[in-house]
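Summary of the model geometry
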Amino acid sequence: MKVYISSTLRSFFERRTETEINGNTIRKVLNTLTDEYPEAKKGLYDENGKLREFIRIFVGDEDRTGSEYLDSVLPENAEILLLP
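Computed from a prediction, not measured in an experiment: that's the story for all the values here. (Residues numbered from 1 in each chain as written. Predicted model: local features only at pLDDT ≥ 70, side-chain atom pairs only at ≥ 80, totals over all residues. Heavy atoms only, no water.)

**Some points on the nonpolar core**
F13, L30, L33, I80 and L82 are the most contacted members of the largest nonpolar core, which totals 22 residues. Of all elements in the fold, only β1 (2-5), α1 (26-36), α2 (40-44), β3 (56-59) and β5 (79-83) reach the threshold of two or more residues within this core. Residues contacting L33, with those up to four places away along its chain left out, are V3, F13, T19, I21 and L82. (Core = buried A, V, L, I, M, F, W, Y, C linked by side-chain atoms within 4.5 Å. Buried < 20%, exposed > 50% of the residue type's maximum accessible area, 1.4 Å probe, protein only. Helix = DSSP H or I, 4+ residues; strand = E, 2+ residues; numbered from the N terminus. Contact = heavy atoms within 4.5 Å.)

Here it is as C-alpha cells:
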C-alpha cells in the first residue's frame, strides 16, 4: 500500500514524501507506520492514543478519517494520503 505524507507531517517520517506499507485496513497501515516510524505516533495520535482531530486520511479521493473506517478492508492497490 502506498502512503503519501503531506509536507507538514514529513518530519515525523524521516522527511519522506511517501512510503510503502503492508496492511489491508487503515488501522493496520497506521500501526505499521508507527512501528516503522516511532516519531509518527506523536504527530498522529494524542496522549490518549486517539487519532488527532486535525489528521485527515484519504483513500484515493475519499475522506476516510472517521473511526468507522479504521477496520474496513481497503482495495488491494489503494493509495492513502495523510494530511493535517
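Structure's up, so let's keep going.
**Regarding the sheet that holds strand β4 (residues 62-63)**
A sheet is described by the order of its strands in space; here five strands give the open sequence β2-β1-β5-β3-β4, paired in mixed fashion. Of all strands in the sheet, those bounded by a partner on one side alone are β2 (18-20) and β4. Here β3 pairs with β4 via two bridges, running antiparallel. Within β4, the position partnered with F58 by the bridge is D63. (Pairing = 2+ DSSP bridges.)

**A few points about the layout of surface pockets**
Quantified by volume, the largest pocket comes out at close to 220 Å³. Lining of the largest pocket is provided by 14 residues; of these, Y45, K50, L51, S67 and L70 occupy positions nearest its centre. Its residues assigned to classes, the lining of the largest pocket shows five nonpolar, five polar and four charged. (1 Å grid on protein atoms, 1.4 Å probe; cavity = no way out; pocket = protein on both sides within 12 Å on 5 of 7 lines; lining within 4 Å. Points joined across faces, edges and corners; volume = space filled by probe spheres on them. Nonpolar A, V, L, I, M, F, W, Y, C, P; charged D, E, K, R; others polar.)

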